[in-house]
Amino acid sequence: MEAPVRYRTVPGDPPSVFLAGGITHCPSWQPEAARELADFVVFNPRRTDFDVSDTSQTDIQIAWEYAHLLRADLTLFWFPACEASLTVQPITLYELGAAAATPGRRLVVGADPGYPRRADVVTQLSLSRPDLTVHSTLPETVTAARAELTVPA
């Protein structure tokens with residue numbers, strides 16, 4: 001069962017977090033992260049029923065993600081282990097690059113040791129955002145996000 005997700009924030013809501021990371025051809029990690037962050041507003045892009053071949057749905061999904069990435073107080077990036085011949089999660093890499101290049105953007109990043117491009121994520125972030133740690137497990141990444149969300153922006 002997926003954790004409840006609120007799609008808009010109102011004054012008085014707790015801080016919000018966007019769960020950025022692999023969706024296609026990788027483990028479903030978002031429900032665990034959403035459960036652990038349930039006392040915050042969680043923007044979870046994983047849909048239970050999504051036909052990636054339906055271009056009209058793809059456009060809607062991309063627009064939703066774009067809007068909520070901008071709206072979130074913090075973006076949690078998680079790169080789960082995956083099979084490199086199926087995906088290296090290119091959209092998430094793009095989103096991470098855009099976020100890392102945005103001054104003041106609050107990020108927490110994790111990449112499983114089994115993620116094929118982990119070394120690239122670590123190296124790129126060490127150059128663009130040397131203040132960031134790339135965590136190795138989802139629980140470490142979620143714990144870091146929780147700590148960051150409790151610090152005033």
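What you are looking at is a predicted structure, and each value in this text was computed from that prediction instead of being measured.

Caption draft 1: View of the sheet that holds strand β4 (residues 107–111). Overall, parallel pairing links the 5 strands, which are arranged β2-β1-β3-β4-β5 in an open sheet. This sheet does not close on itself; its edge strands, each paired only once, are β2 (41–43) and β5 (134–135). The pairing of strand β1 (residues 16–21) with strand β3 (residues 74–79) spans 5 bridges and is classified as parallel. Residue pairing across strands places Val17 opposite Leu74, the latter belonging to β3. Packed on one face of the sheet, helix α5 (residues 138–149) meets β1, β3, β4 and β5 and runs near 175 degrees to β3.

Caption draft 2: Geometry of the confidence of the model for the protein chain. Residues at a pLDDT of 70 or more form 90% of the protein chain, whose mean pLDDT is 87. Across residues 1–8, confidence stays below pLDDT 50; counting only partners more than four residues off in sequence or on other chains, it has 23 contacts.

Caption draft 3: Expanded view of the pairing of β3. A large share of β3 lies buried, amounting to 6 of its 6 residues. Bridging between β3 and β4 involves 5 bridges; their strand directions are parallel. Paired with Phe79 across the bridge in β4 is Ala111. Regarding topology, helix α3 (residues 90–100) serves as the crossover connection from β3 to the parallel β4, and that connection is right-handed.

What counts, and where the lines are drawn
Residues numbered from 1 in each chain as written. Predicted model: local features only at pLDDT ≥ 70, side-chain atom pairs only at ≥ 80, totals over all residues. Heavy atoms only, no water. Pairing = 2+ DSSP bridges. Helix = DSSP H or I, 4+ residues; strand = E, 2+ residues; numbered from the N terminus. Contact = heavy atoms within 4.5 Å. Axes fitted to C-alpha atoms, helices over the stretch in contact; angles between N-to-C directions. pLDDT = per-residue confidence, 0-100. Buried < 20%, exposed > 50% of the residue type's maximum accessible area, 1.4 Å probe, protein only. Right-handed = clockwise from strand over helix to strand, strands pointing away.

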